[in-house]
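Residues per chain are reported as follows:
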Amino acid sequence: MVVEDDDGIRTALRLALLDEGYDVVAVPSAEEALAHLAGAEVDLMLVDLMLGGMDGYTFIRTARVTHDVPVIVLSARNDTHDIVAALEAGADDYVTKPFELKEVTARLRALRRRGARVGSVSSAVSEPPGGRALDAGAGLVLDQTAGRVTRQGADVQLTVTEYRLMVELASPPGRVLSRAALLRSVWDRGFFGDERIVDVHVRRLRTKVEQDPSDPRLVVTVRGLGYRLDPQ
Amino acid sequence: MNRRPRGLRRTITLAFAVGGMLLAGVMSLGTYAVAREYLVGQRELVARQQAFADASFVRDGMLTSGRQVSDVLGSVSPPADSTIFVRRGEEWYSSSLTQTREVVPAELLQTVGDGVPALQWGDSADGAFVATGVPIPAVDAQFFEVSATPELQRTLATLAWVLAAFAALTVVAAAVLGRWAAGRVVAPLDGIAGTAARVASGDLSKRLAATEDPDLVTLVGSFNAMVDALTERIDRDARFTADVSHELRSPLTTLTTSVQLLERRRDELPERTREVVDLVAAEVRRFRHVVDDLLELGRLDAVHDGSARDRQVVDARELAGEALVTSGRSAELLAPGSSDPLPVGVDKLQMARAMVNLFDNADRHGGGVVTVEVGRDDAGEGCQVVLVVDDAGPGVAPGERERIFERFVRGGSRGSLPGTGLGLSLVAETMRAHHGSVHVEDAPGGGARFVLRLPLEQGASR
């Protein structure tokens with residue numbers, strides 16, 4: 001689904017994505033997008049931040065409550081503030097205007113691969129039945145066979161990106177992964193990728209898996225190097 | 001005449017010194033003249049009284065006993081330094097053995113000869129003297145008393161010295177006072193000059209402190225108003241550029257996307273349509289480049305204080321390599337160097353963009369990039385990372401070396417690969433925002449050599 005209020009960009013994106021083989025629904029406003037989300041299945045969303053009516057941030061936050069749909073933000077500005085705010089709201093990745101078509105399709109592809117790996121990766125990795133304990137005290141378990149993280153047996157709602165980040169950090173745990181390495185493996189971005197994406201996602205992941213997100217023990221920051229997963 | 005103008009400070013000091021000198025001179029000369037007049041008057045009075053007293057003694061002596069003149073003179077006791085001469089007819093008598101009558105001035109001799117008492121100053125080898133003449137008609141004689149005046153000379157000399165010293169001291173004091181006053185006058189100017197320099201160097205937040213001084217209120221007010229106007233003007237220009245490029249973004253996005261769609265279907269198009277599509281695609285790309293550069297410049301303009309936003313510590317060598325690769329060039333262009341890390345704190349995207357602009361520039365005007373070298377320079381102030389890009393072109397004429405970094409200045413070739421005219425200015429602005437610099441010189445193998453300098457990141461950490 002493409003949510004974009006500029007007619008030209010919306011139409012061009014729709015045509016381009018149809019070309020790529022996607023089924024595309026293009027809507028001009030967040031309200032229409034929410035209405036559509038309620039009725040139909042959506043796999044990926046491209047969302048413009050500057051929308052008339054409800055803005056992109058609010059839309060993403062609202063949609064995130066009910067739908068675990070990966071979101072790529074189309075940002076009009078390359079401002080730190082805008083992009084971080086969109087990522088905080090729940091976006092998985094972003095593209096800045098004016099963008100190249102191949103940039104958008106590359107981001108979409110990376111995101112789809114992330115979703116697809118959820119089930120398949122586990123077969124390659126020897127996985128103890130019932131998953132691996134990440135935090136024995138809190139009963140937090142990463143079950144790659146089922147493609148989920150559970151706490152005391154209940155699902156922890158992670159987005160595909162958060163889950164992928166978790167898997168990356170956990171295989172094997174205790175290894176320091178640089179932001180650049182995570183950008184490459186999770187987001188499929190090269191040298192010029194924006195490392196803030198990693199920071200924001202780690203922050204979001206922590207709020208879901210840490211007992212005290214303000215004092216992270218599971219996903220720890222290694223100053224100047226990157227992040228490390230310390231099973232408790 | 002090309003006299004160097006005197007500084008304000010020196011002028012004021014000099015004016016004070018000259019004023020002090022004139023004042024002290026007039027005062028000293030006046031004082032000296034008055035004191036001299038008085039002292040000389042006093043001395044003359046004394047000389048006259050002495051002469052009359054001695055003359056009457058000599059007359060009395062000569063009248064009463066009819067004694068010899070020399071006997072009478074022997075009994076007179078004139079003060080030290082005084083000599084008495086008595087003339088009777090052509091005979092001269094003196095109270096001194098050493099002084100001769102030639103010491104009595106001829107003019108005085110004449111006046112007294114006419115029967116009028118008189119006083120006259122004269123000069124001899126032993127110094128100034130005062131000669132007093134009194135006619136004594138009763139014995140048909142003339143009385144002269146010649147007194148040296150060493151004490152008067154000494155007093156006057158001392159007075160002159162004291163006054164001269166006083167005058168000199170006054171001049172020095174005036175100069176010091178002038179220096180101080182000049183400092184007081186110039187101090188606010190120094191403040192203004194400092195602030196103006198800061199503003200000129202781009203710190204538009206600087207203002208002069210409000211002042212109570214009525215002489216400075218207007219200046220301070222006008223200065224601050226001027227900087228305000230300037231800031232507003234600059235902001236408006238920057239905003240306008242930003243707004244324009246911003247508004248261009250959406251249609252541009254549509255255009256690029258659509259053109260790329262067209263290009264994908266290039267093969268389905270008839271031959272002549274294909275050419276048109278290629279043309280449109282090339283122009284859209286160029287258009288996009290201009291807008292990208294403008295947006296980037298706008299962002300850089302917004303950073304007055306040279307602190308780029310998204311600083312990350314990266315390795316300069318790696319950055320240059322990535323910039324080469326992502327712009328579709330061979331990483332082999334990067335000359336091998338030491339493997340020491342060269343950390344720089346930069347906005348990766350901005351810096352890479354600046355580098356790619358340099359590469360593009362080399363392709364456009366310099367026959368392509370020959371080598372890219374990255375190294376460090378520990379000379380100069382602080383350690384610096386130096387990035388050198390050599391091309392194979394004709395080089396840049398010395399007169400053009402500053403100008404090519406200005407906006408919308410294009411080099412000669414407008415032919416097949418027109419640039420945006422913003423590329424090199426973007427490089428210059430990016431370097432400025434990163435506390436670095438860029439300049440162009442001749443490459444050793446002919447062609448132009450662009451040299452980027454960036455401060456080496458010390459104690460690299462995030």
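Anything mentioned here points back to the structure above.
This write-up is about the structure you can find in this document. (Residues numbered from 1 in each chain as written. Chains lettered and ligands numbered in written order. Predicted model: local features only at pLDDT ≥ 70, side-chain atom pairs only at ≥ 80, totals over all residues.)

## Focus: the overall build of chain A
Across its full length, chain A carries 8 helices and 12 strands. Out of the 232 residues belonging to chain A, those deemed buried represent 39%. Here the analysis covers contacts within chain A between residues at least 6 apart in sequence; of these, 52% occur between residues at least 24 apart. (Helix = DSSP H or I, 4+ residues; strand = E, 2+ residues; numbered from the N terminus. Buried ≥ 20, exposed ≤ 12 C-beta atoms within 10 Å, placed from the backbone. Contact = placed C-beta atoms within 7 Å.)

## Quick notes on the packing of helix α8 (residues 348–365) of chain B against helix α9 (residues 423–433) of chain B
Residue and element names in this part refer to chain B. Two elements in contact, α8 and α9, have axes whose closest approach is 9 Å; the angle formed by their N-to-C orientations is 145°. Considering the relative orientation of α8 and α9, their crossing is left-handed. For the pair α8 and α9, the contacting residues are Gln350, Met351, Ala354, Asn357, Leu358, Asp360 and Asn361 in the first and Gly423, Leu424, Leu426, Val427, Thr430 and Met431 in the second. Here the contact of α8 with α9 is composed, by residue class, of 7 nonpolar, 5 polar and 1 charged. (Axes fitted to C-alpha atoms, helices over the stretch in contact; angles between N-to-C directions. Left-handed = near helix turned anticlockwise from the far one by under 90°. Nonpolar A, V, L, I, M, F, W, Y, C, P; charged D, E, K, R; others polar.)

## Concerning the sheet that holds strand β2 (residues 26–27) of chain A
Sheet strands pair via backbone hydrogen bonds, and the direction of the pair is either parallel or antiparallel. Residues and elements named next belong to chain A. In spatial order, the strands read β2-β1-β3-β4-β5; together these 5 strands make up an open sheet with parallel pairing. Because the sheet does not close on itself, it has two edges, and the strands there are β2 and β5 (93–96). As paired elements, strand β1 (residues 2–3) and strand β3 (residues 45–48) share 2 bridges and run parallel to each other. Paired with Val2 across the strands is Leu46, a residue of β3. Where helix α3 (residues 56–66) meets the sheet, it contacts β1, β3 and β4 (71–75), and its direction lies at approximately 150° from that of β3. (Pairing = 2+ DSSP bridges.)

## A few points about the environment of A:Val209
All names here are of chain A. In this structure, Val209 sits in helix α8 (residues 196–209). Residue Val209 is classed as buried on the basis of its 22 C-beta neighbours within 10 Å. Considered as a pair, Val209 and Leu140 are 69 residues apart in the sequence and their alpha carbons are 7.6 Å apart. Beyond its immediate sequence surroundings of up to four residues, Val209 is in contact with Leu140, Val149, Val156 and Leu218.

## Some words on the pairing of strand β2 (residues 91–94) of chain B
Residue and element names in this part refer to chain B. The sheet contact formed by strand β1 (residues 82–88) and β2 spans 4 bridges and is antiparallel. Paired with Val86 across the bridge in β2 is Tyr93. Taken together, β1 and the strand that follows it, β2, pair antiparallel across an intervening segment of 2 residues, in which Gly89 is found at a positive phi of about 60°.

## Section: the environment of B:Asp315
Residues and elements named next belong to chain B. In this fold, Asp315 is placed in strand β6 (residues 312–315). Here Asp315 falls in the partly exposed class, since 18 other C-beta atoms lie within 10 Å of it. For Asp315, the contacting residues outside a window of four places in its chain are Pro341, Leu342 and Pro343.

## What to know about the nonpolar core
Soluble globular proteins tend to pack their nonpolar side chains together in the buried interior. A:Val3, A:Val47, A:Ile60, A:Val73, A:Ala86, A:Ala91 and A:Met166 are the most contacted members of the largest nonpolar core, which totals 63 residues. Considering every element that reaches this core, the biggest residue donor is helix α6 (residues 160–170) of chain A, with 7 residues. Ignoring sequence-local partners within four residues, the contact set of A:Val73 consists of A:Val47, A:Leu49, A:Gly56, A:Ala86, A:Ala91 and A:Tyr94. In terms of nonpolar packing, the next biggest core, distinct from the first, is built from 46 residues, B:Ala354, B:Ala443, B:Leu452 and B:Leu454 among them. (Core = buried A, V, L, I, M, F, W, Y, C linked by C-beta atoms within 7 Å.)

## Structural notes on unusual backbone geometry
Residue and element names in this part refer to chain B. Here Asp140, not a glycine, exhibits a phi torsion of approximately 55°, which is positive. By secondary structure assignment, the location of Asp140 is in the loop between β4 (127–136) and β5 (141–148). Look at His435: it is not a glycine, yet its phi comes out positive at around 60°. Mapped onto the fold, His435 is located in the loop between α9 and β10 (437–442). By C-beta crowding, His435 is classed as partly exposed, having 15 other C-beta atoms within 10 Å.

## Digging into the interface of chain B and chain A
In this assembly, 24 residues from chain B lie in contact with 20 residues from chain A. Of all elements in the fold, only α5 (214–264), α6 (271–302), α7 (316–326) and α8 of chain B reach the threshold of two or more residues within the side of chain B that touches chain A. When residues of the side of chain B that touches chain A are assigned to their parent elements, the largest contribution, 12 residues, is made by α5(B). Of the residues assigned to the side of chain B that touches chain A, the class counts are 6 nonpolar, 10 polar and 8 charged.

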